[in-house]
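# Coordinates in review
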Amino acid sequence: MKNIVFDLGGVVVDWNPQRLLNEYPGDPEMPEILFQRGFFQEYWGEYDRGMVDQAGIVKEMSAFSGRTDAECWEFVEYIKHSLNDIPKTVDLIEDLSHRGYHLFCLSNMSIEFYEYLKVRDVFSYFEGQIISAHEKVIKPDRAIYEVLMERYDVVPKDSLFIDDLEANIEAARQLGFHTVHFSDRERGYKEINEILSLKK
């Protein structure tokens with residue numbers, strides 16, 4: 001195994017809808033409306049695809065929820081600033097870099113969220129960063145995996161792909177990547193250690 005490819009949300013940074021529902025300091029009905037009525041499933045993909053910017057997704061959110069643009073902007077900003085690093089993954093990435101693995105990230109993410117996150121230290125370990133909004137294509141479309149493969153000479157059979165969503169894992173698997181479905185963190189770390197034969 002030469003290359004390790006990380007998703008960002010849910011793997012490197014803490015994307016946690018339930019925490020947003022529980023902790024959002026604004027109108028508590030607003031995140032409930034958005035999550036329960038399917039706003040993120042219906043609209044957020046176009047934001048991650050780079051087809052709308054933050055102002056655009058805020059307008060969609062306002063029309064969907066009946067809240068003002070200002071309230072919706074505040075909620076999007078809250079989501080952005082809630083994406084805290086997952087310390088154990090950051091430590092793992094640093095360790096894998098020191099062991100000589102080639103590290104990459106491949107993430108469905110908007111321009112604004114990426115610009116906010118990319119200054120963090122953990123991003124310095126990635127030799128290549130494939131962000132959906134830059135490429136105008138999102139996982140699980142095989143085209144975004146092919147961008148990674150072609151741009152950075154990543155050979156799937158020599159590569160481990162880590163993601164928290166089953167559809168994204170299945171798309172990578174079909175291309176020949178080794179995979180870890182990171183839906184349960186502790187199980188995910190265990191599988192990574194086993195695949196790479198890492199010493200505890």
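Here, every reference points to the structure presented above.
The present account deals with the structure reproduced in this document.

Before going further, it helps to spend a moment on the pattern of salt bridges. In total, this model carries 20 salt bridges according to the counting rule given. Between arginine 67 and glutamate 29 there is a salt bridge, with the nearest N and O atoms lying 3.5 Å from each other. Placement of the pair is arginine 67 in the loop between helix 4 (54-65) and helix 5 (69-81) and glutamate 29 in helix 2 (residues 29-36), with a sequence separation of 38 residues. On the basis of relative accessibility, which here comes to 15%, the residue arginine 67 falls in the buried class. The class for glutamate 29 is partly exposed, based on a relative accessible area of 49%. Its salt-bridge partner being arginine 173, residue glutamate 166 comes within 3.9 Å of it at the nearest N-O pair. Glutamate 166 gets classed as partly exposed once you look at its relative accessible area, which sits at 40%.

With that settled, the discussion passes to the sheet that holds strand 3 (residues 128-131). Read across the open sheet, the five strands follow the order 3-2-1-4-5; overall the sheet is parallel. The two strands at the open ends of the sheet, each matched to only one other strand, are strand 3 and strand 5 (178-181). Going across the sheet, the axis of each strand differs from the next one's by a mean of 20 degrees, ignoring polarity. Both strand 1 (residues 3-6) and strand 4 (residues 159-163) contribute to a ladder of four bridges, which runs parallel. Bridge assignment links valine 5 to a residue of strand 4, and that residue is phenylalanine 161. Where helix 9 (residues 142-152) meets the sheet, its contacts fall on strand 1, strand 2 (102-107), strand 3 and strand 4, and the angle it forms with strand 3 comes to roughly 155 degrees. Taken strand by strand, helix 11 (residues 185-196) contacts strand 1, strand 4 and strand 5, and its axis lies near 160 degrees from that of strand 5.

Reading the values: rules and limits
- Residues numbered from 1 in each chain as written.
- Predicted model: local features only at pLDDT ≥ 70, side-chain atom pairs only at ≥ 80, totals over all residues.
- Heavy atoms only, no water.
- Salt bridge = Lys/Arg side-chain N within 4 Å of Asp/Glu carboxyl O.
- Helix = DSSP H or I, 4+ residues; strand = E, 2+ residues; numbered from the N terminus.
- Buried < 20%, exposed > 50% of the residue type's maximum accessible area, 1.4 Å probe, protein only.
- Pairing = 2+ DSSP bridges.
- Axes fitted to C-alpha atoms, helices over the stretch in contact; angles between N-to-C directions.
- Contact = heavy atoms within 4.5 Å.

These figures come from the coordinates and say nothing about function on their own.
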